[in-house]
Amino acid sequence: MSEKTLTRMDLSEAVFREVGLSRNESAQLVETVLGHISDALVDGESVKISSFGTFSIRDKAARVGRNPKTGEEAPIPPRRVLTFRPSHLMKDRVDDGNKR
């Protein structure tokens, strides 16, 4: 498995090479898109990117958990969690990559 991580800088560099915007404009475009995605998720909206997947927020209720080391019960407060569901095209593409 690869240790490489795709970063914002990598995305803006790809926009620079593929689209032809300046490096500053490319970085600003990436920041703007990520900002819109983040804002939508904070507002509780789902974000669907065609042929990629869907990001959504789920509310989890409060519950009682256990410390696995001691077995002691501890309350877990309610929270919102981010979930990602890849599209079938993305799943197939990743699966094809595993066969190489």
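Residues numbered from 1 in each chain as written. Predicted model: local features only at pLDDT ≥ 70, side-chain atom pairs only at ≥ 80, totals over all residues. Heavy atoms only, no water.

1. Thoughts on the packing of helix 1 (residues 8-19) against helix 2 (residues 23-42)
Helix 2 packs onto helix 1 with a crossing angle of 125° between their chain directions and a minimal axis gap of 8 Å. Regarding the angle of helix 1 to helix 2, the classification is oblique. The handedness of the crossing between helix 1 and helix 2 is right-handed. Residues Arg8, Leu11, Ser12, Glu13, Val15 and Phe16 of helix 1 form the contact with helix 2, whose participating residues are Arg23, Ser26, Ala27, Leu29, Val30, Glu31 and Leu34. Partitioning the contact of helix 1 with helix 2 into residue classes produces seven nonpolar, two polar and four charged. (Axes fitted to C-alpha atoms, helices over the stretch in contact; angles between N-to-C directions. Helix = DSSP H or I, 4+ residues; strand = E, 2+ residues; numbered from the N terminus. Parallel < 35°, antiparallel > 145°, perpendicular 65-115°, else oblique. Left-handed = near helix turned anticlockwise from the far one by under 90°. Contact = heavy atoms within 4.5 Å. Nonpolar A, V, L, I, M, F, W, Y, C, P; charged D, E, K, R; others polar.)

2. Regarding the pattern of salt bridges
Under the defined criterion, the tally for this structure stands at five salt bridges. Among the ionic pairs, Arg23 bridges to Glu13, the shortest N-O distance being 3.0 Å. Residue Arg23 is located in helix 2, and its partner Glu13 is located in helix 1; the two are separated by ten residues in the primary sequence. Put simply, Arg80 and Asp59 hold a salt bridge, and the shortest N to O gap is 3.9 Å. A residue pair is termed long-range when its members are at least 10 positions apart, and Arg80 in strand 5 (residues 79-86) and Asp59 in strand 2 (residues 53-60) qualify at 21 residues. (Salt bridge = Lys/Arg side-chain N within 4 Å of Asp/Glu carboxyl O.)

3. What about helix 1?
At 3.6 residues per turn, the α-helix brings residues three or four places apart onto the same side. The end-to-end C-alpha distance of helix 1 is 16 Å, a good match for the 16 Å that twelve residues give at a rise of 1.5 Å each. Gly20 occupies a position one or two residues after helix 1 and carries a positive phi of about 95°. (Expected span 1.5 Å × (residues − 1).)

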